[in-house]
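Below are the chains, spelled out letter by letter.
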Amino acid sequence: MTGAAPASQHQPRIFSGIQPSGGLTLGNYLGALKRFVEKQDEGIETIYCLVDMHAITVWQDPLRLRHATREMAAGFIAAGINPERSILFNQSQVSAHAELAWIFNCVARMGWMNRMTQFKDKAGKDKEAASLGLYAYPALMAADILVYHATHVPVGEDQRQHLELTRDIATKFNHDYETDFFPITEPVIEGAAARVMSLRDGTKKMSKSDPSDQSRINMTDSADTIAQKIRKAKTDAEPLPELLDGLKDRAEARNLVNIYAALDNRSPQEVLTEFAGQGFGAFKPKLADLAVASLSPISKRMQELMQDVAEIDRILGRGAERADEIATPIMERCFDIVGMVRARR
Ligand code: TYM
């Protein structure tokens, strides 16, 4: 028994994913995509995946899913992901994800899965009617990461519990099979926008599945829509404070300050220093201008890229080939560790 391998024993490699279960939101952009671009430029190998198999854990219209997958790929490229530098692909094209997920279904314990808060949220009151896939979702997520021996995973705050489960699965696999095969992955949850909240309710996260479109900014929203949503965002009547402490009990105000900071690559304190004493009548138009200036070029580029769907499919296909080249030898070693016979064919 050699024990679990810390991530540092493995070559640094970043993996992350987004579900194409709808369009990209400002939450996805600030909490994930913008940071994926920064990581790509730090010189570590980066693998980014559109997790379409995760998306179908709840019903997806097939035509919409295919469109959303391509549009999300366009969104990644428009935001600055360079498909030559990063590996960009959709999950279902690399079968190793499903293969390792099955092995992890046999490693993860029912008790662990029962504690997953996102399953409880997504399944709602009628758990009996939820798909088995929705329940097993976090084991597939662990497989996404570990099939590449990824060491670091940039995500928003809402994925923390799933990444802890990923570490538990790797640790149990390594323990049970007396190996140090899988790295113990580090979550990378950082920045002012690790949890972007709904524009209508500062206690709920901004989400593509929220029934109210006013609650979120979509990357495909027009400049007018973005400005209108920010104008109507819920706030309070107080001016902005000088110090962060003054935002403690003001969830909506804090959210808008955090969004401003993340869009402008500044800290929330720096934003307060500039706007202290001003009310939302002054702050909101500035935030709207900043959001439009940041997002409009991306959504324009996205639309241009969507004119050539064949090129997007080619990029995803090439990304899948490169991903497969990394995953296949890892899966072969994994099958061997588990005791599965694989004859050369
Ligand atoms: P998903 O598709 O819900 O979200 C994709 C990424 O966006 C982040 N995010 C947010 N960040 C800040 N504020 C918000 N309001 C907000 N909403 C979403 C999420 O934290 C995430 O980083 N299970 C994952 C997808 C996944 C994955 C993986 C991620 C599948 N396999 C492997 C990392 C590694 C999910 O549903 O993300």
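Quick look at the structure, then.

Rules used throughout
Residues numbered from 1 in each chain as written. Predicted model: local features only at pLDDT ≥ 70, side-chain atom pairs only at ≥ 80, totals over all residues. Heavy atoms only, no water. Helix = DSSP H or I, 4+ residues; strand = E, 2+ residues; numbered from the N terminus. Rg over C-alpha atoms; globule rule 2.2 N^0.38 Å. Buried < 20%, exposed > 50% of the residue type's maximum accessible area, 1.4 Å probe, protein only. Contact = heavy atoms within 4.5 Å. Areas by Shrake-Rupley, 256 points an atom, 1.4 Å probe, with all protein chains shown as cover. Lys, Arg positive; Asp, Glu negative; His and termini not counted. Charge placed at Lys NZ, Arg CZ, Asp CG, Glu CD. Phe/Tyr/Trp six-rings, centres within 6.5 Å; stacked < 30°, edge-to-face > 60°. Core = buried A, V, L, I, M, F, W, Y, C linked by side-chain atoms within 4.5 Å. Near = heavy atom within 4 Å. Polar contact = N/O pair within 3.5 Å; in protein donor to acceptor, adjacent residues only side chain to side chain. Arc of directions from axis to C-beta.

### Side note on the overall build of the protein
Thought 1: Regarding its fold elements, the protein presents 13 helices and 7 strands.
Thought 2: Over its C-alpha atoms the protein spans a radius of gyration of 21 Å, differing by no more than 12% from the 20 Å that the globule rule assigns to 345 residues.
Thought 3: Relative to its 345 residues, the protein shows a buried fraction of 52%.
Thought 4: In the protein, 76% of the contacts between residues at least 6 apart in sequence involve partners at least 24 apart.
Thought 5: Carbon and sulfur atoms make up 50% of the accessible area of the protein, which totals about 16,200 Å².
Thought 6: Looking at the protein, you have 42 positive and 46 negative side-chain charges, and the mean spots of the two groups are 3 Å apart.

### A short note on the packing of aromatic side chains
Each aromatic ring pair is characterised by the separation of its centres together with the angle its planes make.
Thought 1: Across all of its chains, the model carries 14 aromatic pairs by this definition.
Thought 2: Summarising the aromatic geometry, the rings of Phe173 and Tyr177 are spaced 4.7 Å apart at their centres and angled 40° between planes, so their arrangement reads as tilted.
Thought 3: Taking relative accessible area as the criterion, Phe173 reaches 0% and is therefore assigned buried.
Thought 4: For Tyr177, a relative accessible area of 33% puts it in the partly exposed group.
Thought 5: Residues Phe275 and Phe283 carry aromatic rings whose centres are separated by 4.9 Å and whose planes lie at 85° to one another, so their mutual orientation is edge-to-face. Like Phe275, the residue Phe283 is buried in the burial classification.
Thought 6: Through successive ring pairs, a cluster of aromatic residues spans Phe104, Phe173, Tyr177, Phe181 and Phe182.

### With respect to the nonpolar core
Thought 1: Leu26, Tyr29, Leu30, Phe76, Ile259 and Phe283 are the most contacted members of the largest nonpolar core, which has 57 residues in total.
Thought 2: The element best represented in this core is helix H12 (residues 280-305), accounting for 10 residues.
Thought 3: Ignoring any residue separated from it by four or fewer positions in sequence, one finds Leu30 in contact with Arg35, Ala193, Val196, Ile259, Ala262 and Leu263.
Thought 4: Of all hydrophobic cores here, the second largest spans 52 residues; its members include Val94, Leu146, Ala194 and Ala323.

### Points about the site of the ligand
Thought 1: Near the ligand there are 26 residues, and of these Gln19, Tyr137, Asp144, Asp158 and Val196 occur at the shortest range.
Thought 2: Within the side chain of Asn28, a nitrogen or oxygen atom sits 3.1 Å from an oxygen atom of the ligand.
Thought 3: Between the ligand and Asp158, the relevant distance is 2.4 Å, taken from an oxygen atom to a side-chain nitrogen or oxygen of the residue.
Thought 4: About the coverage of the ligand: the protein hides 97% of its 700 Å² of free accessible area.
Thought 5: Of all elements in the fold, only strand E2 (13-18), helix H1 (26-40) and helix H7 (132-146) reach the threshold of two or more residues within the shell around the ligand.

### Overview of the side chain of Ser86
Thought 1: The topology assignment puts Ser86 in the loop between helix H3 (62-79) and strand E4 (87-90).
Thought 2: Using a relative accessible area of 0% as the deciding quantity, one classes Ser86 as buried.
Thought 3: Separated by 2.8 Å, the side chains of Ser86 and Gln40 make a polar contact.

### Thoughts on helix H11 (residues 268-275)
Residues lying three or four places apart along an α-helix face the same way, a consequence of the helix completing one turn every 3.6 residues.
Thought 1: Residues of H11 that are buried: Pro268, Val271, Leu272 and Phe275. Looking down the long axis of H11, one finds its buried residues gathered within 100° of arc, a one-sided arrangement.
Thought 2: On its buried side, H11 packs onto helix H10 (251-263) and H12.
Thought 3: At the C-terminal side of H11, Gly277 shows a positive phi close to 90°.

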